[in-house]
Amino acid sequence: MTSKGAEARQRIIAAAESLFSLRGFDRTSMRDIASEARMQAPSMYYHFPSKDELRWAVWEKGGIELLQRAKEAACSAGGPWSRMEAMCVAHITGLLDWRKANQVLFVMPPSQYPASIRDRVIALRDEYERVFTSVISELPLRDGTDKDLFRLTLIGALSWSLYWFKPGVNSPEVIAQQMLRLMREGVQAKRSGSRAS
């Protein structure tokens, strides 16, 4: 059975996630969150001593959800390219399913994380990227391919879709599949008997 304290904590996180998404972090006060969570503002500080700690709780919740999606995709059936595609689809659909408050976790530069929670955020992102690293290590890549740059380029491209994705134009699944295909096959047309300069 969930304790009253745990229930209150989850209610605060849910309220913060909703308001951060709606108004942004800077324009949401602890008092606003307390009102949304139906509790007295001073009581919130028992669970979260600062607004940054509450932001971390929101990011951690979303990050763990996305991490679980990635792990499930990494364990899916098929060869390494099939699993890599499943992970790309999980990443982009996960980000687009999230509230805006969680999406920022993957598009904000680490230097902009609040100092009080920076190490924890970076550790969570590193854990997430290690799932990609493990599958990329199994891919039959061309000799000389920098696997770190491959990972960073792929995750970066997938994550940037948050800014330009338009519902109804392409599905998140199709975008993820096409992005991976571009990296896997390249974009230069193959010409018989000649090489393009």
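Criteria and thresholds
Residues numbered from 1 in each chain as written. Predicted model: local features only at pLDDT ≥ 70, side-chain atom pairs only at ≥ 80, totals over all residues. Heavy atoms only, no water. 1 Å grid on protein atoms, 1.4 Å probe; cavity = no way out; pocket = protein on both sides within 12 Å on 5 of 7 lines; lining within 4 Å. Points joined across faces, edges and corners; volume = space filled by probe spheres on them. Nonpolar A, V, L, I, M, F, W, Y, C, P; charged D, E, K, R; others polar. Helix = DSSP H or I, 4+ residues; strand = E, 2+ residues; numbered from the N terminus. Axes fitted to C-alpha atoms, helices over the stretch in contact; angles between N-to-C directions. Parallel < 35°, antiparallel > 145°, perpendicular 65-115°, else oblique. Contact = heavy atoms within 4.5 Å. Core = buried A, V, L, I, M, F, W, Y, C linked by side-chain atoms within 4.5 Å. Buried < 20%, exposed > 50% of the residue type's maximum accessible area, 1.4 Å probe, protein only. pLDDT = per-residue confidence, 0-100. Expected span 1.5 Å × (residues − 1). Arc of directions from axis to C-beta. Phe/Tyr/Trp six-rings, centres within 6.5 Å; stacked < 30°, edge-to-face > 60°. Lys NZ or Arg CZ within 6 Å of the ring centre and 35° of its normal.

1. Digging into the layout of surface pockets
Here is step 1: For the largest pocket, the calculated volume is near 210 Å³.
Here is step 2: Trp81, Pro140, Leu141, Arg142, Thr145, Phe150, Met183 and Arg184 together form the lining of the largest pocket.
Here is step 3: Here the residues of the lining of the largest pocket are counted per class, giving five nonpolar, one polar and two charged.
Here is step 4: The volume enclosed by the second largest pocket comes to roughly 170 Å³.
Here is step 5: Lining the second largest pocket are Phe20, Ser21, Leu22, Gly24, Phe25, Arg55, Val58, Trp59, Lys100, Ala101, Val104 and Met108.
Here is step 6: At the level of secondary structure, the elements contributing two or more residues to the lining of the second largest pocket comprise helix H1 (4-23), helix H4 (51-74) and helix H6 (100-103).
Here is step 7: Here the lining of the second largest pocket is built from residues that sort into eight nonpolar, two polar and two charged.

2. Structural notes on the packing of H4 against helix H7 (residues 118-136)
Helix packing geometry: the angle between the two helix axes and the distance between the axes.
Here is step 1: Taken N-terminus to C-terminus, the directions of H4 and H7 make an angle of 10°; their axes are 10 Å apart at the nearest point. Taken as axis vectors, H4 and H7 run roughly parallel relative to one another. Where H4 approaches H7, its residues Glu53, Trp56, Trp59, Glu60, Gly63, Leu66, Leu67, Ala70, Lys71 and Ala74 are matched on the opposing element by Arg120, Val121, Leu124, Glu127, Tyr128, Val131 and Val135.
Here is step 2: By residue class, the composition of the contact of H4 with H7 is eleven nonpolar, one polar and five charged.

3. A closer look at the nonpolar core
Here is step 1: Counting 37 residues, the largest nonpolar core has Met84 and Met87 as its most contacted members.
Here is step 2: Tallying contributions element by element places helix H5 (residues 80-97) first for this core, with eight residues.
Here is step 3: With sequence-adjacent residues up to four places away left out, Met84 is seen in contact with Phe132, Val135, Ile136, Leu139, Leu154 and Leu180.
Here is step 4: Membership of the second largest hydrophobic core comes to 19 residues, among which are Ile12, Ala15, Leu19 and Met30.

4. Overview of the confidence of the model for the chain
A low pLDDT means the predicted coordinates there should not be read in detail.
Here is step 1: For the chain, the mean per-residue pLDDT works out to 89, and 96% of the residues sit at or above 70.
Here is step 2: When the elements of the chain are averaged for pLDDT, H6 gives the smallest value, 76, and H7 the largest, 95.

5. Some thoughts on H7
Here is step 1: The end-to-end C-alpha distance of H7 is 27 Å, a good match for the 27 Å that 19 residues give at a rise of 1.5 Å each.
Here is step 2: Among the residues of H7, those classed as buried are Val121, Leu124, Arg125, Tyr128, Glu129, Val131, Phe132, Val135 and Ile136. Buried positions in H7, seen along its axis, are confined to an arc of 145° and lie on one side of it. Within H7, the exposed residues directed more than 90 degrees away from the buried face are Asp119 and Arg130.
Here is step 3: Of the surrounding elements, those touching the buried residues of H7 are H4, H5 and helix H8 (147-164).

6. Focus on the packing of aromatic side chains
Here is step 1: One pass over the full model with this rule turns up four aromatic pairs.
Here is step 2: Their ring planes at 65° and their centres at 5.7 Å tell us that Trp59 and Tyr113 sit as a pair that is edge-to-face. Placement of the pair is Trp59 in helix H4 and Tyr113 in the loop between H6 and H7, with a sequence separation of 54 residues. Grouping residues by exposure puts Trp59 and Tyr113 together as buried.
Here is step 3: The ring centre of Phe25 lies 4.3 Å from the NZ or CZ of Lys51, which sits over that ring.
Here is step 4: Just above the ring of Phe25 sits the side chain of Arg55; from NZ or CZ to the centre is 3.6 Å.

7. Details of the side chain of Ser159
Here is step 1: The topology assignment puts Ser159 in helix H8.
Here is step 2: By relative accessible area, Ser159 is classed as buried at 3%.
Here is step 3: Sequence-distant contacts of Ser159, defined by excluding residues within four places in its chain, comprise His91, Leu95, Phe106 and Val107.

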